[in-house]
Amino acid sequence: MNPNIKDHASAGGHAKATTVAAQELARLRAADLGDLRLHDTADAQRLLARATDLTMRGDMTPSRASAIAKTVAEWARIENLRLDQERIKVAERRIGELEAELKQARTARAVA
């Protein structure tokens, strides 16, 4: 039985998965993966390629490689959400500009 089960029992599956992923990443730091920070897609691709190479050589278990792939997929999901939010802010600003132009045109037409 896992001696740390009480730490995970009330946290639910998501918290447990997050904890397991964090533990996996801590173990991977010792597996010669280099920098594990994901700042852009190039970092994600580099990390996946390195994990694949280590797995193919037998230096990393497939379950660890899977944990890396899941972490990268989650990072990509969050990054896509961030990019969508930026696009929405740009669109909202543009809508505000167009509404102001429309109001100005209506005011100019009403005066004329």
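Residues numbered from 1 in each chain as written. Predicted model: local features only at pLDDT ≥ 70, side-chain atom pairs only at ≥ 80, totals over all residues. Heavy atoms only, no water.

(A) Fine view of the overall build of the protein chain. Across its full length, the protein chain carries 4 helices and 0 strands. For the protein chain, the succession of helices and strands along the chain, N to C, is α-α-α-α. In the protein chain, which comprises 112 residues, the share counted as buried stands at 17%. In the protein chain, once contacts between residues fewer than 6 apart in sequence are set aside, the share between residues at least 24 apart is 37%. (Helix = DSSP H or I, 4+ residues; strand = E, 2+ residues; numbered from the N terminus. Buried < 20%, exposed > 50% of the residue type's maximum accessible area, 1.4 Å probe, protein only. Contact = heavy atoms within 4.5 Å.)

(B) Highlighting the pattern of salt bridges. What the rule picks out here adds up to 6 salt bridges. For the salt bridge of arginine 77 with glutamate 74, the shortest nitrogen-to-oxygen distance reads 2.7 Å. You can see arginine 77 and its partner glutamate 74 sitting in helix H4 (residues 62-111), 3 residues apart, about one turn around the helix. When its relative accessible area of 35% is taken as the criterion, glutamate 74 is described as partly exposed. Within this structure, Glu79, Arg82 and Glu86 form a network of salt bridges that share partners. (Salt bridge = Lys/Arg side-chain N within 4 Å of Asp/Glu carboxyl O.)

(C) Inspection of the packing of helix H3 (residues 41-57) against H4 at higher detail. H4 packs onto H3 with a crossing angle of 170 degrees between their chain directions and a minimal axis gap of 9 Å. If you check the angle between H3 and H4, you find them roughly antiparallel. For the pair formed by H3 and H4, the contact residues are Thr41, Ala44, Leu47, Leu48, Ala51 and Thr55 on the first element and Pro62, Ala65, Ile68, Ala69, Val72 and Trp75 on the second. Along the lines of polarity and charge, the residues of the contact of H3 with H4 split into 10 nonpolar, 2 polar and no charged. (Axes fitted to C-alpha atoms, helices over the stretch in contact; angles between N-to-C directions. Parallel < 35°, antiparallel > 145°, perpendicular 65-115°, else oblique. Nonpolar A, V, L, I, M, F, W, Y, C, P; charged D, E, K, R; others polar.)

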